[in-house]
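# Residue-level structure breakdown
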Amino acid sequence: MLKQIFSKLPRKSSDSSDSPKTPRSSSNRSSPRSSSTSSAHGTPKSSSGASASGRSNATKKTSSAVFPASLVAGIEPLVPFNDVPSSEKMNLFVSKLSLCCVTFDFTDPSKNSIEKGVKRQTLVELVDFVGAGTMKFNEPAIHALCKMCSANLFRVFPPNYRSNMIGGGGGGGGGENDDDEPTFDPAWPHLQLVYDLLLKFIHSSGVDAKVAKKYMDHSFILKLLELFDSEDPRERECLKTILHRIYGKFMVHRPFIRKSINNIFYRFVTETERHNGIAELLEIFGSIISGFALPLKEEHKIFLWRVLIPLHKPKSVGAYFQQLSYCIMQFVEKEPKLASVVVKGLLKYWPLTNSQKEVMFLGELEEILEAVNMLEFQKVMVPLFWRIGCCINSAHFQVAERALFLWNNDHIVNLIGHNRHVILPIILPTLERNAQSHWNPAVVNLTLNVRKIFMEMDDELFISCHAHFKEEEAKVTVTATKRKQIWERLEDAAANVQPMAGRTAVLVTPLTSSIAC
C-alpha cells in the first residue's frame, strides 16, 4: 500500500537541474514535479519513468517534492510531526502536502479505500499542525499549500449538476422541493478537511500576507468564487467563511473581490437567473457594507442601484431575500437619503402576479419606512401609497393583510399623519371597497380598524374625502348605467335587422380621397 502511495509522488531525475536559487550540486537537485493527479473527481494515475536506482531508494526520495534531497533526506510524508525536529517540520509539512495532491474518485466508496484513508489521516495531521500556530510558514510552504488546495478543490461541476434545481438562485426547471433536498458531494469527507486546512492557514499569524498574496492571487480568488455555485450547502458555507477571511487579510485584493462578486450578480440578473451561492455572496457583502466609511463612495452607491435593487427581479428571490434585505438596510442606515432611491427601485420591480413576492416586498418596505426621515418619505409617498392601495384591494388575503399591518407601526402612522392630506384621498377609496366587498372577514376587520385610525387622526378630512368618494362613486354608477343602456340599444337594433337575401345591390362609397391621402 505504501508503495502505491509513494509511486504517486514525484521522484528525482538523474539529470541535473540548473536552478540558480539553490547552490547545490546537480546530484542533489530534484526534477520538476511530474503530473500525478487527474481531474478533481478522477482516479489517480501512477507515475512512470523512474529509474531502477530511483526505485531502490524510493523511501528517501519521496519527500523531494519541493526541496532538494539534501534538505529533506530521510523525511517521509507518513512520519508524524512529533517525530522530527523543529528544523525539519516545515520540510515534512511540504512533503505531506505533496502526498495530499493525489486525488481519488469518490463515486465508488470501495475504490482505493486504503489510499483514501492514508490521505485523510494526513489531512487531519496537517489541520492540527497549522491550527497549533507554532510555526512561521516560508514561501515554499505557502506555495505548496495553495497548490494542494487547487488540486483538490478547483473542479468543474458536471453538466447535469444544475439541470433540475433552483438552488440559491436557479431560475427554472426545478421543483419547489429542490431546496429541501440538496445534492451532497460524495467527496465531502476530504473536501471538508482541505477547506478547514485552508481556513486555518489563512487565519494563522505565521502566514505573511505579503508573501501569500502572490499565490492567493486573482486567479485563485476567481476559482474560489466559481465554487460558490456548488449545490452542496456545506461547501458554500465553508467558502463563505474562507472568502471573508481572504477579504480581511489581503487588503490589496479587496477591490478585485468586490468587482468579481458584482460580475456574478450581473450575470445572474441579466442572463442566467441560475446560481446556488447568491445568498452566501450577499451575506459576505453584508459584512463588507457594514464596514464602509462615510460618506459612501460613488462606487458603493452604484452597487446599490445597479446590483442590489435589480436582485429583487428574479423569480427565485425568496432563496436569498433575507440576505438581500440586510444589505439594503445597511445602505439605508448608513445614508438615510438613499431610502427614496430604494423605494423607487422596489416599486419598479414590484411583482404584479406573484403574491408571495408581494408579501416579501411589503415586509422589506416596512423595514425601510421605519428608518426613513420625513423629507425622503415625502419624495415617494404618492406612488408608494398608490401601490399599497392596490395591495389592500388584493384578492389574496395575505397580501391585503400584510399591507394593512403597516398601520400597526407607530413610526409609519406618524409619517402618514403628517402627510394625511395627500395620503388619505389615495387610500380611502381602497378602504371603502374592502369594507363593502372583500371576501375575507379578517381583511374586512383590519380595513375597518385603519378607517378608524384615519377618523381619529382628522375627522373633518375623513368626512370630506368620504363625501368626495361618494360623489365619484355616483358618477361611476351613472356612467356605467349609460354604457349599459347604449349596449342594450345596439343589441336591439342588431336583432331587428333583416338578413339580406338573393343578389341585393350594395352601395360602396369610394375611398379615393383616403387613398390619396
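It should be emphasised that the depicted structure is a prediction, and the values quoted were computed from it without experimental measurement.

Rules and cut-offs
Per chain, the residues get numbers from 1 upward, laid out in the order the sequence is written. Given that this is a predicted model, residues contribute local features only at a pLDDT of at least 70 and side-chain atom pairs are listed and counted only at 80 or more, while totals for whole chains, interfaces and linings are drawn from all residues. Remark: hydrogens and water are excluded; side-chain values derive from all non-hydrogen atoms of the structure. Secondary structure is summarised from DSSP: a helix means a run of H or I of at least four residues, a strand means a run of E of at least two, and numbering begins at the N terminus for each. Relative accessibility under 20% of the residue-type maximum defines a buried residue, over 50% an exposed one, and the middle range a partly exposed one, all with a 1.4 Å probe and only protein chains included. By definition, residues are in contact when any of their heavy atoms lie within 4.5 Å. Interaxial angles span 0 to 180 degrees and are taken between N-to-C directions of axes, which are lines fitted to C-alpha atoms, for helices over the stretch in contact. All amino acids are sorted into three groups, where Ala, Val, Leu, Ile, Met, Phe, Trp, Tyr, Cys and Pro are nonpolar, Asp, Glu, Lys and Arg are charged, and the leftover types, Gly among them, are polar. Working definition: rings of Phe, Tyr and Trp (its six-membered ring) pair if their centres are within 6.5 Å, and the pair is stacked with planes under 30 degrees apart, edge-to-face with planes over 60 apart, and tilted otherwise. Placement of a charge over a ring requires the Lys NZ or Arg CZ to be within 6 Å of the ring centre, with the centre-to-atom vector within 35 degrees of the ring normal. In a helix, the anticipated span is given by 1.5 Å times the number of residues less one. Any N or O atom pair separated by 3.5 Å or less is treated as a polar contact, with the protein-specific requirement of one donor-capable and one acceptor-capable atom, and with residues adjacent in sequence counted only for side-chain atom pairs.

This paragraph deals with the overall build of the protein chain. Counting secondary structure elements, the protein chain contains 23 helices and zero strands. Residue burial in the protein chain is summarised as follows: out of 517 residues, 46% are buried. Of the contacts formed within the protein chain by residues at least 6 apart in sequence, a portion of 72% connects residues at least 24 apart.

Looking now at the packing of helix H10 (residues 233-249) against helix H11 (residues 254-272). Helix packing geometry: the angle between the two helix axes and the distance between the axes. Look at H10 against H11: their axes get within 9 Å of each other, and the N-to-C directions meet at 145°. Residue-level inspection shows Leu243, Ile246, Tyr247 and Gly248 of H10 in contact with H11, the latter providing Arg254, Ile257, Arg258 and Ile261. Of the residues that constitute the contact of H10 with H11, the class distribution is five nonpolar, one polar and two charged.

We now examine the packing of aromatic side chains. Per the stated rule, a full pass over the model turns up 18 aromatic pairs. Taken together, a centroid distance of 5.2 Å and an interplanar angle of 70° make the contact between Phe154 and Phe220 edge-to-face. Of the two residues, Phe154 sits in the loop between helix H6 (139-153) and helix H7 (188-203) while Phe220 sits in helix H9 (residues 218-226), which places them 66 residues apart along the sequence. We classify Phe154 as buried; its relative accessible area is 16%. Within the aromatic cluster, the residues linked to one another by ring pairs are Phe81, Phe93, Phe129, Phe137 and Phe201. Residue placement shows Lys96 over the ring face of Phe81; its charged tip is 5.4 Å from the ring centre. Taking NZ or CZ as reference, Lys116 lies 4.7 Å from the ring centre of Phe106, over its face.

In this model, H11 (19 residues) spans 26 Å end to end at C-alpha, consistent with the 27 Å of a helix rising 1.5 Å per residue. Burial in H11 covers these residues: Phe256, Ile257, Arg258, Ser260, Ile261, Asn262, Ile264, Phe265, Phe268 and Val269. Each element contacted by the buried residues of H11 is listed here: H9, H10, helix H12 (278-290) and helix H13 (298-308). Two residues or fewer after H11 comes Glu273, characterised by a positive phi angle close to 55°.

This paragraph deals with the side chain of Glu366. Here Glu366 shows up in helix H16 (residues 355-371). Within polar-contact distance, the side chain of Glu366 engages the side chain of Arg402 at 2.6 Å. Among the polar contacts made by the side chain of Glu366, one reaches the side chain of Asn409 at a distance of 3.4 Å.

Another aspect to go through is the environment of Met457. Within the fold, Met457 resides in helix H21 (residues 441-457). You can call Met457 partly exposed: its relative accessible area is 23%. Sequence-wise, Met457 and Arg420 are 37 residues apart; in three dimensions their C-alpha atoms are separated by 8.5 Å. Apart from the residues lying within four places of it in its own chain, the contact partners of Met457 are Val413, Gly417 and Arg420.

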